[in-house]
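Fold and contact review
Single-letter residue listing:
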Amino acid sequence: YVTYHIVTGVMFCNTLPEDITCLAADRMLIFASYDNILHAFARNKEVVHTYEGHKAKIHLLQPFGDHVISVDVDNVLIVWNIQSEEYLQIDFDKATFAVSALLHPSTYLNKILLGSEQGTLQLWNIRSNKLLHSFPGWGSAVTTLEQAPAVDVIAVGLVSGHIIVHNIKYDETLMKFQQDWGPITAISFRTDGHPVMAAGSPVGHIALWDLEEKKLMCQMQDAHSTAIAGMTFVPGEPLLITNGADNALRVWIFDGPGGTGRVLRSRMGHSAPPTRIRYHGQDGKQILSAGQDGTLQSFSTVHEKFNKSLGRGSINKKKSKKKGLKLDTMALPPITSFASEVAHQSDWDGIVACHQGYITCTTWNYQKTSMGAHKLKPEEFSKHKPVDIYATAVDITSCGNFCVIGMSTGQVDVYNMQSGIHRGRYGKETAHEGAIRGVAVDGLNQLVITAGSEGLIKIWKFKMKDLVYSTELPSSPSGILLHRDSGILGIAFDDFTISVLDIETRKIVRTFSGHHGRINDMTFSPDGRWLITSSMDCSIKTWDLPSGCLIDCFLVDSAAVSLTMSPTGDFLASAHVDDLGIYLWSNRSLYSLVSLRPLPADYEPSLVTLPSTCPMQDMDVSGDEEPCDEMIEYVSPEQLGEQLVTLSLLPESRWKNLLNLDIIKKKNKPKEPPKVPKSAPFFIPTLPGLIPRFIPPEEEDDTQSKVVNLGVLAQKSDFYIHLEEALSTNEYKAPLDLLKSLGPSNIELELRGLAPEGGGSVEVMLSFLRMIGVMLNKKYNFELAQAYLALFLKLHIKILSLEPKLLEELSKLSVQLEETWIHLRALFNQSLCVLTYMKSALL
């Protein structure tokens, strides 16, 4: 597999080996740090500079003209020249001044302002390495520093929730604000003519302060579900960009009354790792993902603008909206399993999901991108909430009209997706004695397959609810997956093995073993040939069902909790433990030669890096694969066997119309254009004399010779020379290859030149007939031999009848042609007979 990440439509540069801890940018470069290393990137390009010198993790960055300033957690400040040279290093005493914020005040040449955890501020000149001034502070640790639109004025955010607007030139506090939501995490000023300051908080709220009135203007509560990590107003625009720890990036526009903002654009993912992913629809462009944060989202593999968030499940949506995100006690637990179908999704809900430890299953509407209208729960539990009874498995029919839900008590119920009405139950009371580990419905709504923890697989009639088949499994199943088109059921067991059941014959057709951990998920290829499994042993394996062998296996850093393959077969999507991303792996067998040989029993899988958002430039995809015969491009020989009649690869236009060239030339001959009469002069000259006579018109000189220079035609062609040489060597490959490279007109010209009147000889004509005989003996280029011989006979029939040598060679060719045709006719008749019998038998 060749890999890349799901995010598309954005320009990316090189990835860093570890998580990025700091990010900053100026007009030319982007600076990013991980651990104690700082890199500079040209925009959308590779690393151009690397800065190494810190001994601890970098936590502050500040671009500064031709320099960049970095501060690590050991309180060491280094000023770097852009060209990777260390310009200045300042060590601070952590006990007296622990640097917590960094700012370059506007118009302050060569100066930086530092904030500390002790609450004091220091103004330094980095050119002379001097401390210019110390500010006593306000008795609380500084969390952020921000330049105000006015010169000499900065905003200081404190751990206590205070915001100080201070003039550093006169060391004077201009105004002071306080927020009750905890420390100030970010500050930004509007620069479009409105005196407004925005401040972020750890709980996700944003406060907007009016600097003229010196009061709170409005609040934007729950702007993010977690702490505001950063915010900035777009210069000269009423736009605020914010990001938070909830894995969301939002753009707010302030165009409404009251000064509050609304979301203009947003990009967001799961704030907690996804637990279940499945492709939605048959186009392979949307992936539904359920995460531990309780949300259900749709990610596009084409572009991020097509992403959708279906929201978070709630017991009562109206009460949830009133209470808000933080105090929402009505929120449902995370989704553990779901099924979707695109049929009728525009008419009613097309997604059904079950939640962790919760008895009620919810429906979702993909078109409305919201939770659906129905909550599906058995009728006996409608009045009271049972303890330790919950839904474990769901599936939806291919028509989108019904869903099947399995419970931890062994019950399996059917509900109507349009009305939410209960439509029946399988079994008298329960379908299984143990908990339901999986349910599946076939493509025609005829059968329902259920798997129980007691180790039984049962097949039921969908409509009548009757038990059709039951078999005991060698171990307790942990999950099942049905490939509807082929009727193949994949069963994962608690003993880390996988079996494949054919629901038509009701037999186990394949059994695979090799995983060393719990099997998390399975997915089939669209054609049903491959079964791909992931396990807690961090391996992803591909099993070939026709051969029953393992054909691919690799390891990843963190175990894949869910897998899904696109309906078009081009991508495999995976979600991993403690990872927010969904990763795409492209199917390399679609665009290159890939060995599908069975892997040996002692095969040691290699560790593969998870896909990234940038192209892997220096990665040789096939470098770690051992060469094999199957991976070498197959070149077909000129002839598979001497007993087989082999045709050439030339197009029909090169040989089919050789006998009709004269007719074609006659039809294609252009008509003679009409002659324009010669215009008479205005004054017709006359001859001198008594009798007036006109001067006769001058006739054109037709005395030029039109005799063709036969010296040019008398030259021997390459084809003629090769035939002469073949008389002694008996090798006819060179003249045949030359003849195959010519067009029909040139072929006719070459064959005409073989006759004595065309400059040829009887010996060369005899050599040509022997070449045709070699072609018939070896049975290759069969149709060319027929076409060339037919044209040769047409052109030289008179000469052939007068030369005994040529007649003797022609008689041999006639015998060869008749024997070959009798053999071919027998094969044709046999094939036609078998085909006719098969047609009549089927009818």
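Fair warning: this is a prediction, and the values are worked out from it, not measured in the lab.

A few words now on the overall build of the protein chain. On a plain count of helices and strands, the protein chain comes out with 10 helices and 54 strands. Expressed as lengths along the three principal axes of its C-alpha atoms, the size of the protein chain is roughly 125 × 100 × 65 Å. Within the protein chain, the fraction of its 843 residues that count as buried is 46%. Restricting to contacts in the protein chain with at least 6 residues of sequence separation, those with at least 24 account for 44%. Only carbon and sulfur atoms are counted for the fraction: they give 54% of the accessible area of the protein chain, which is about 44,900 Å².

Moving on to unusual backbone geometry. The backbone of Asn129 sits at a positive phi, close to 55°, despite the residue not being glycine. The phi angle at His344 is positive, at roughly 65°, despite the residue not being glycine. Topologically, His344 is positioned in the loop between β30 (335-340) and β31 (351-355).

Below, the discussion takes up the UniProt feature "repeat: WD" (unreviewed entry) in the protein chain. UniProt feature "repeat: WD" (unreviewed entry): in the numbering of this structure it lies at residues 221-252, 429-470 and 512-548. Within the segment residues 429-470, helix and strand shares are 0% and 52% respectively, and the terminal C-alpha atoms sit 17 Å apart.

Attention now moves to the sheet that holds strand β12 (residues 121-125). In spatial order, the strands read β10-β11-β12-β13; together these 4 strands make up an open sheet with antiparallel pairing. In the strand order of this sheet, the two ends are held by β10 (99-103) and β13 (130-135), each with one partner. On average, each strand axis in the sheet is inclined to that of its neighbour by 25°, with strand direction left out of account.

Moving on, we get to the side chain of Ser574. Its place among the elements puts Ser574 in strand β51 (residues 571-576). Only 2.9 Å separates the side chain of Ser574 from the side chain of His576, close enough to count as a polar contact. Only 2.9 Å separates the side chain of Ser574 from the side chain of Trp585, close enough to count as a polar contact. With sequence-adjacent residues up to four places away left out, Ser574 is seen in contact with Ile277, Ser562, Leu563, Gly581, Ile582, Tyr583 and Trp585.

Turning our eyes to something else, we now look at the nonpolar core. Residues Leu754, Phe768, Leu769, Met771, Ile772 and Tyr788 are the most contacted members of the largest nonpolar core, which totals 40 residues. Mapped by element, the contributors of at least two residues to this core are α4 (718-729), α5 (733-740), α6 (744-752), α7 (762-778), α8 (782-795), α9 (797-802) and α10 (804-842). No other element matches the 10 residues that α7 contributes to this core. Ignoring sequence-local partners within four residues, the contact set of Leu754 consists of Phe719, Tyr720, Leu723, Gly760, Ser761, Val764, Met765, Phe768 and Phe792.

There is a patch of nonpolar side chains on the surface, built from Val834, Tyr837 and Met838 and spanning about 330 Å² of accessible area. If you trace the backbone, Met838 turns up in helix α10. Taking the relative accessible area as the measure of exposure, Met838 reaches 44% and is therefore partly exposed.

What follows deals with α7. Taking 1.5 Å per residue as the helical rise, α7 with its 17 residues ought to reach 24 Å, and the 25 Å between its terminal C-alpha atoms agrees with that figure. For α7, the buried fraction is high: 12 of the 17 residues fall into the buried class. Within the sequence span of α7, burial applies to Val762, Val764, Met765, Leu766, Ser767, Phe768, Leu769, Met771, Ile772, Gly773, Met775 and Leu776. Positive backbone phi, approximately 60°, marks Lys779, located one or two places after α7.

So, about the packing of aromatic side chains. This structure, assessed with the given rule, holds 11 aromatic pairs. For the pair Phe512 and Trp543, a centre-to-centre distance of 4.7 Å together with 25° between the ring planes defines the contact as stacked. Residue Phe512 is found in strand β45 (residues 507-512), and its partner Trp543 is found in strand β48 (residues 539-544); the two are separated by 31 residues along the sequence. In terms of burial, Phe512 and Trp543 fall into one category: buried. Taken together, the ring pairs connect Phe92, Phe97 and Trp124 into an aromatic cluster. Here the basic side chain of Lys465 rests over the ring of Tyr426, its NZ or CZ set 5.6 Å away from the ring centre.

For the rest of this paragraph, the subject is the side chain of Ser562. In this structure, Ser562 sits in strand β50 (residues 560-565). Classification of Ser562 as buried rests on a relative accessible area of 0%. A polar contact of 3.1 Å, which involves the side chain of Ser562, links it to the backbone nitrogen of Ile277. Within the local environment of Ser562, its side chain forms a polar contact with the side chain of Asp521, the two groups lying 2.9 Å apart. For Ser562, the contacting residues outside a window of four places in its chain are Thr275, Arg276, Ile277, Arg278, Asp521, Ala573, Ser574 and Ala575.

To continue, consider the pairing of strand β11 (residues 111-116). The side chains of a regular strand alternate, residue by residue, between the two faces of the sheet. Here β11 lies mainly inside the structure; 5 of its 6 residues are buried. Inspection of the sheet shows β11 paired to β12 by 5 bridges, in the antiparallel sense. In the sheet register, Leu114 faces β12, and the bridge partner there is Gln122.

Our next topic: the pattern of salt bridges. This model, assessed by the stated rule, comprises 15 salt bridges. The shortest N-O distance in the salt bridge between Asp494 and Arg437 comes to 3.5 Å. Pair noted here: Asp494 is in the loop between β43 (488-493) and β44 (498-502) and Arg437 is in strand β38 (residues 436-441), with a separation of 57 residues, a long-range link.

About the thresholds
Residues numbered from 1 in each chain as written. Predicted model: local features only at pLDDT ≥ 70, side-chain atom pairs only at ≥ 80, totals over all residues. Heavy atoms only, no water. Helix = DSSP H or I, 4+ residues; strand = E, 2+ residues; numbered from the N terminus. Buried < 20%, exposed > 50% of the residue type's maximum accessible area, 1.4 Å probe, protein only. Contact = heavy atoms within 4.5 Å. Areas by Shrake-Rupley, 256 points an atom, 1.4 Å probe, with all protein chains shown as cover. UniProt positions renumbered as here; feature names shortened; annotations may be inferred. Pairing = 2+ DSSP bridges. Axes fitted to C-alpha atoms, helices over the stretch in contact; angles between N-to-C directions. Polar contact = N/O pair within 3.5 Å; in protein donor to acceptor, adjacent residues only side chain to side chain. Core = buried A, V, L, I, M, F, W, Y, C linked by side-chain atoms within 4.5 Å. Patch = residues over 30% accessible without salt bridge, like charges linked within 9 Å, V, L, I, M, F, W, Y side chains within 5 Å. Salt bridge = Lys/Arg side-chain N within 4 Å of Asp/Glu carboxyl O. Expected span 1.5 Å × (residues − 1). Phe/Tyr/Trp six-rings, centres within 6.5 Å; stacked < 30°, edge-to-face > 60°. Lys NZ or Arg CZ within 6 Å of the ring centre and 35° of its normal.

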